[in-house]
Structures are given as C-alpha cells and as structure tokens.
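# Summary of the model geometry
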Amino acid sequence: MKKFMKGLMATTMVFAMMTSLVGCGGGSEAEAPADTTDKLVMATNAAFPPYEYYEGEEIVGIDAEIAAAIAEKLGMEFEIEDMEFDAIIPAVTSGKASFGMAGMTVTEERMQSVDFSTSYAKGVQVVIVKEGSDITSVDDLFAEGASNIVGVQTGTTGDLYSTWDLEDAGLATVERFNKGGDAVLALTQDKVDCVVIDNEPAKEFVAANEGLVILDTEYAIEDYAICFAKDSELTAQVNGALEELIADGTVQAIIDKYISAE
Ligand code: ARG
C-alpha cells in the first residue's frame with residue numbers, strides 16, 4: 001500500500017514536471033491545480049477503535065473508510081497522518097493536514113478555531129469502572145465529598161468535561177493520558193477510579209480487559225464531525241462528498257461493518 005502510494009506520488013511528480021515544462025512553452029497553465037491540492041491528508045489519532053486503529057501497519061476503522069470514500073469520490077489521493085489527539089486541530093489550522101477526523105466531537109470551543117462538517121455519527125461519553133466499584137452511576141461522581149481519580153485521554157471532551165465539572169469543583173483529580181487505552185490500563189492497575197471516554201472505544205476496551213464495566217448512565221451525548229481550517233476551500237467539497245455518502249447509505253454501511261447493532 002505504502003509502496004503503491006509512493007509510486008503514485010512519483011508518477012504525479014513526473015506528470016507535474018511535464019505539465020510545468022509544457023507550461024514554460026507558453027501554454028496556459030493558469031487553471032491547472034497545484035498537485036498538493038489533489039491530495040487529502042487526514043489528521044487522526046489512531047488509537048480509538050472502531051473509528052481509527054491499527055490493523056498491522058494499516059490504519060483502519062470507520063473514519064479511515066469514510067475519508068477514503070470521500071477522497072475516491074473527489075478523485076483525490078488520500079493519506080492518513082497519525083498523531084496525538086491534541087495535535088490534530090493545530091495540524092489542521094497550520095495547513096499540515098487537509099482535515100481532522102478522529103471521532104471528534106463538535107464543541108463551541110473548537111468552533112473558535114476550526115469549521116466542522118455535517119455530523120456523520122453520534123458519540124456518548126460513558127464512564128468505565130472496575131467491577132464492584134463504589135462508583136455505580138454518573139451521579140456518584142458529582143456526590144458531595146466525592147474525591148475520585150478520573151482517567152481521560154488528553155484534550156478529549158472526556159478530559160474537558162471532567163476537568164470543568166469535577167476537578168474545578170473539587171470533586172475529582174483528572175489524570176490525563178496520551179491514549180484512551182492507557183487510561184484504561186491505569187484503571188486495571190487501580191491507578192485511577194474510573195475512565196471517562198466515548199462509548200464505542202469503551203466497549204472495545206472493556207471487551208479486551210477482564211473485570212471492567214461501563215456504567216448504565218451516560219455522561220454526555222455528542223456529534224462527531226470532520227474539522228477543517230476556518231474558511232478552507234476544501235470544506236464545501238469534502239462536506240458535499242460526505243453528505244452524498246450519508247444520503248446514499250455508504251456511511252451507515254461503513255458504521256454497521258464496524259459496530260454491530262445491540
Ligand atoms: N469524541 C472525543 C473528542 O472529540 C474523543 C475523540 C478521541 N479520538 C481519538 N481518535 N483519539 O474529544
């Protein structure tokens with residue numbers, strides 16, 4: 001796959017050189033797009049199954065497949081850049097990536113720095129605890145005198161909500177991890193009392209670790225969307241393709257492939 005991409009890029013470069021040579025001959029190259037605009041670079045954090053995760057060397061998942069379908073529809077090359085979650089918005093605003101797609105929740109704060117596409121999925125912040133934990137509902141986290149250690153992935157809405165609602169209110173200490181899976185590992189080792197994280201990754205982490213449960217009560221319900229640099233020319237194009245893929249059922253088919261209905 002990587003080799004194929006490299007080959008394709010080399011071909012594109014040779015082609016670009018040829019066209020620019022032709023251009024030198026006096027033809028009008030004005031409307032020829034710069035070749036970087038033909039490549040969509042998706043910034044993500046590929047430690048978030050089933051949305052983005054590694055299968056061997058390859059990044060797969062709901063977001064990876066939807067983005068690939070968008071690129072195909074637009075006839076553009078496609079590449080995924082894996083990074084820390086809190087590096088995604090800076091990568092997008094600095095133009096290093098064309099867009100960010102990472103099970104990313106639309107929030108007011110993020111809308112100050114990026115534009116969002118139409119939402120393509122719902123997310124729920126849930127709480128994972130050890131079986132038999134004293135924490136039996138979200139309300140317990142808010143109880144007077146509560147003093148839990150809450151594990152989260154840095155910069156996620158799980159981090160933001162538990163910081164604002166719990167830590168700032170003196171009800172908890174928030175421990176931040178680079179990966180959601182690391183927060184869950186800390187839970188299995190009793191280093192944190194619970195983990196606040198999105199429900200689908202939560203299910204995967206709980207299935208992969210003995211002795212963990214997801215509380216029945218939801219912490220927050222959210223919309224996932226693709227983020228773009230503000231006023232990016234790509235937004236309308238990518239969002240248009242996404243909306244067509246939602247309308248024709250492709251997005252739902254991809255989601256169903258990764259998430260089995262309960
Ligand atoms: N939905 C949450 C947020 O937007 C968590 C997303 C984490 N995604 C990831 N690929 N690690 O903050």
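Residues numbered from 1 in each chain as written. Predicted model: local features only at pLDDT ≥ 70, side-chain atom pairs only at ≥ 80, totals over all residues. Heavy atoms only, no water.

### Remarks on the side chain of Asp-159
This is how it is decided: Runs of E in the DSSP output that reach at least two residues are strands. Runs of H or I that reach at least four are helices, and both are numbered from the N terminus. Exposure is judged per residue with a 1.4 Å probe applied to protein chains only, and the accessible area is read against the type maximum: over 50% gives exposed, under 20% gives buried, and values in between give partly exposed. A contact between two residues is defined here by any heavy atoms of the two lying within 4.5 Å.
Here Asp-159 lies in helix H6 (residues 157-167). A residue is classified by how much of its surface remains accessible, and Asp-159, at 6% relative accessible area, is buried. Aside from chain neighbours lying at most four places away, what touches Asp-159 is Val-152, Gln-153, Thr-154, Val-174 and Arg-176.

### Observations regarding the nonpolar core
As a rule of thumb, nonpolar side chains are buried together in soluble globular proteins. What counts here: Working definition of a nonpolar core: buried Ala, Val, Leu, Ile, Met, Phe, Trp, Tyr and Cys residues. They are joined through side-chain atoms within 4.5 Å.
Ranked by internal contacts, the top residues of the largest apolar core, which has 31 residues, are Leu-40, Ile-66, Ile-70, Phe-99, Tyr-120 and Ile-226. Sorting elements by how many residues they give to this core places helix H2 (residues 62-74) first, with six residues. Once residues within four sequence positions are removed from consideration, Ile-226 is found in contact with Ile-70, Phe-99, Gly-100, Met-101, Asp-115, Phe-116, Ser-117, Tyr-120, Val-238 and Leu-242. With 18 residues, the next largest nonpolar core counts Val-174, Cys-194, Val-196 and Ala-220 among its residues.

### Here we look at the site of the ligand
How we decide: Only a single heavy atom is needed: when it lies within 4 Å of a molecule or strand, its residue is near that molecule or strand. Nitrogen and oxygen atoms within 3.5 Å of one another constitute a polar contact, given that in protein one can donate a hydrogen and the other can accept it, and given that sequence-neighbouring residues count only through two side-chain atoms. All accessibility values rest on the Shrake-Rupley procedure with a 1.4 Å probe; residue burial counts only the protein chains present in the view. Note that Gly is not counted as nonpolar here; it falls among the polar residues with everything else outside the nonpolar set of Ala, Val, Leu, Ile, Met, Phe, Trp, Tyr, Cys and Pro and the charged set of Asp, Glu, Lys and Arg.
Taken together, 15 residues are adjacent to the ligand, and Ala-102, Gly-103, Thr-105, Thr-157 and Asp-198 come closest. Within the side chain of Glu-52, an N or O atom sits 3.1 Å from a nitrogen atom of the ligand. Here an oxygen atom of the ligand and a backbone polar atom of Thr-105 are 2.8 Å apart. Alone, the ligand offers 350 Å² of accessible surface; in the complex the protein occludes 100% of this. Tallied by class, residues from the shell around the ligand come to five nonpolar, six polar and four charged.

### As for helix H7 (residues 180-188)
Which entries qualify depends on this criterion: An arc is given here, and it is the one of the directions from the helix axis to the C-beta atoms.
Of the residues making up H7, those classed as buried are Gly-180, Ala-183, Val-184, Ala-186 and Leu-187. Seen from one end, H7 has its buried residues packed into an arc of 155°, which puts them on one side. For H7, the elements touching its buried residues are strand S7 (121-130), strand S8 (148-153), strand S9 (172-177), strand S10 (194-198), helix H8 (199-208) and strand S11 (212-214). Once H7 finishes, Asp-190 follows within two positions and takes phi at roughly 60°, a positive value.

### Here's the deal with the side chain of Asn-239
Along the chain, Asn-239 falls in helix H9 (residues 234-247). Reaching out from Asn-239, the side chain makes a polar contact with the backbone nitrogen of Thr-118 at a distance of 2.9 Å.

### Quick word on the packing of H2 against H9
Using the following cut-off: To define axes, lines are fitted to C-alpha atoms, for helices over the stretch in contact only, and angles between the resulting N-to-C directions are given on a 0 to 180 degree scale. Our angle categories are set so that under 35 degrees counts as roughly parallel, over 145 as roughly antiparallel, 65 to 115 as roughly perpendicular, and the remainder as oblique. For any helix crossing, the convention is left-handed if the near helix is rotated counterclockwise from the far helix by under a right angle, and right-handed if that rotation is clockwise.
Where H2 meets H9, the closest approach of the two axes is 9 Å, and the angle between their N-to-C directions is 110°. Accordingly, the angle class assigned to the pair H2 and H9 is roughly perpendicular. The hand of the H2/H9 crossing is right-handed. Contacts between H2 and H9 involve Ile-66, Ala-69, Ile-70, Lys-73 and Leu-74 on the former and, on the latter, Gln-237, Val-238, Ala-241, Leu-242, Glu-244 and Leu-245. Looking at the contact of H2 with H9, its residues break down into eight nonpolar, one polar and two charged.

### Section: the environment of Pro-90
Tracing the sequence through the fold places Pro-90 in helix H3 (residues 88-93). As for Pro-90 and Val-114, which are separated by 24 residues in sequence, their C-alpha atoms are 9.5 Å apart.

### Some thoughts on the pattern of salt bridges
Cut-off, in case you're wondering: By definition, a salt bridge exists where a carboxyl oxygen of Asp or Glu is found within 4 Å of a side-chain nitrogen of Lys or Arg.
Taken as a whole and judged by the stated rule, the model has nine salt bridges. Across the salt bridge formed by Glu-79 and Lys-39, the nearest N and O atoms sit 3.2 Å from each other. Of this pair, Glu-79 sits in strand S4 (residues 77-82) while Lys-39 sits in strand S1 (residues 39-44), and the two are 40 residues apart along the sequence. Glu-65 serves as the salt-bridge partner of Lys-257, at 2.4 Å between the closest nitrogen and oxygen. Of this pair, Lys-257 sits in helix H10 (residues 250-258) while Glu-65 sits in helix H2, and the two are 192 residues apart along the sequence. Overall, the relative accessible area of 57% leaves Lys-257 in the exposed class. Since its relative accessible area comes to 25%, Glu-65 is described here as partly exposed. Shared partners join several salt bridges into a network, and the residues in it are Asp-159, Glu-167 and Arg-176.

### Quick notes on the confidence of the model for the protein
Threshold: Each residue gets a pLDDT score, which is the predictor's confidence in that residue and runs from 0 to 100.
Summary statistics for the protein give a mean pLDDT of 89 and a share of 85% for residues scoring 70 or more. Confidence drops under a pLDDT of 50 for residues 1-36, and excluding neighbours within four residues, the segment shows 13 contacts in the predicted structure.

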